[in-house]
Amino acid sequence: MDLDKLPLFGLMNRRMAWLTQRQSVLAENISNADTPEYRPSDLTKASFRRMVEAGTNPAMLVKTSAGHMEPLRKPAAYRTEKERDPYETELSGNSVVLEEQLMKVSETQSAYRLATNLYRKHVAMLKAAIGYNR
């Protein structure tokens, strides 16, 4: 049984992939904390409004009738965006605030832990439903 075909597991996998990529971007920000003119970046957060406007939906819309409209755009990969308003900038032009980046790393770690726990609990529920006792 491929769990990725179940919508809930697919959503959790995409969330974990987003969090993994965000962790990589934040690590890059921290590693460039002393690089002159470096601006920190972060991934754009997923929002329901943006998904609808972009014509993508995690539930993957299905065209069941010839009268249905096709989405205008295909799903885009995660995009990074430069932070807009850094409240601290060094004389070298670097605007990485380590405390802020570490808070984001901690937030990402907590969200990843939540996603893995949800994944584990849902797998356990499926195993219990099919009578798999181990």
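Everything that follows concerns the structure shown earlier in this document.
Residues numbered from 1 in each chain as written. Predicted model: local features only at pLDDT ≥ 70, side-chain atom pairs only at ≥ 80, totals over all residues. Heavy atoms only, no water.

(A) Region of interest: the pattern of salt bridges. For the structure shown, the criterion picks out three salt bridges. For the salt bridge of D42 with R22, the shortest nitrogen-to-oxygen distance reads 2.9 Å. Of this pair, D42 sits in strand 1 (residues 41–43) while R22 sits in helix 1 (residues 7–31), and the two are 20 residues apart along the sequence. In this structure, D42 and R22 share a single accessibility class: buried. (Salt bridge = Lys/Arg side-chain N within 4 Å of Asp/Glu carboxyl O. Helix = DSSP H or I, 4+ residues; strand = E, 2+ residues; numbered from the N terminus. Buried < 20%, exposed > 50% of the residue type's maximum accessible area, 1.4 Å probe, protein only.)

(B) Region of interest: the nonpolar core. Of all hydrophobic cores here, the largest spans five residues; its members are W18, L19, V25, L43 and A111. Ranked by residue count, the leading element in this core is helix 1, at three residues. (Core = buried A, V, L, I, M, F, W, Y, C linked by side-chain atoms within 4.5 Å.)

(C) Summary view of unusual backbone geometry. Its identity as a non-glycine residue notwithstanding, E37 has a phi of 65°, on the positive side. For E37, the location among the structural elements is in the loop between helix 1 and strand 1.

(D) Spatial organisation of the environment of A115. Within the secondary structure, A115 sits in helix 3 (residues 98–130). For the pair A115 and M12, spaced 103 residues apart in sequence, the C-alpha separation works out to 6.3 Å. Those residues in contact with A115, other than ones at most four positions away along the chain, are M12 and M16. (Contact = heavy atoms within 4.5 Å.)

(E) View of the environment of R22. A relative accessible area of 3% places R22 in the buried class. As a C-alpha pair, R22 and K45 span 23 residues in sequence and 9.8 Å in three-dimensional space. Apart from residues lying up to four places away in sequence, R22 is in contact with D42, L43, K104, E107 and T108. Here D42 takes part through its side chain, which lies 2.9 Å from a polar atom of the side chain of R22. (Polar contact = N/O pair within 3.5 Å; in protein donor to acceptor, adjacent residues only side chain to side chain.)

(F) Focus on the packing of aromatic side chains. In total, this model carries one aromatic pair according to the counting rule given. Between F9 and Y119, the aromatic rings sit 5.0 Å apart at their centres with planes inclined by 85°, giving edge-to-face as the arrangement. Of this pair, F9 sits in helix 1 while Y119 sits in helix 3, placing them 110 residues apart in sequence. Of the residues examined, Y119 reaches a relative accessible area of 22% and is grouped as partly exposed. (Phe/Tyr/Trp six-rings, centres within 6.5 Å; stacked < 30°, edge-to-face > 60°.)

Structural measurements only, silent on function.
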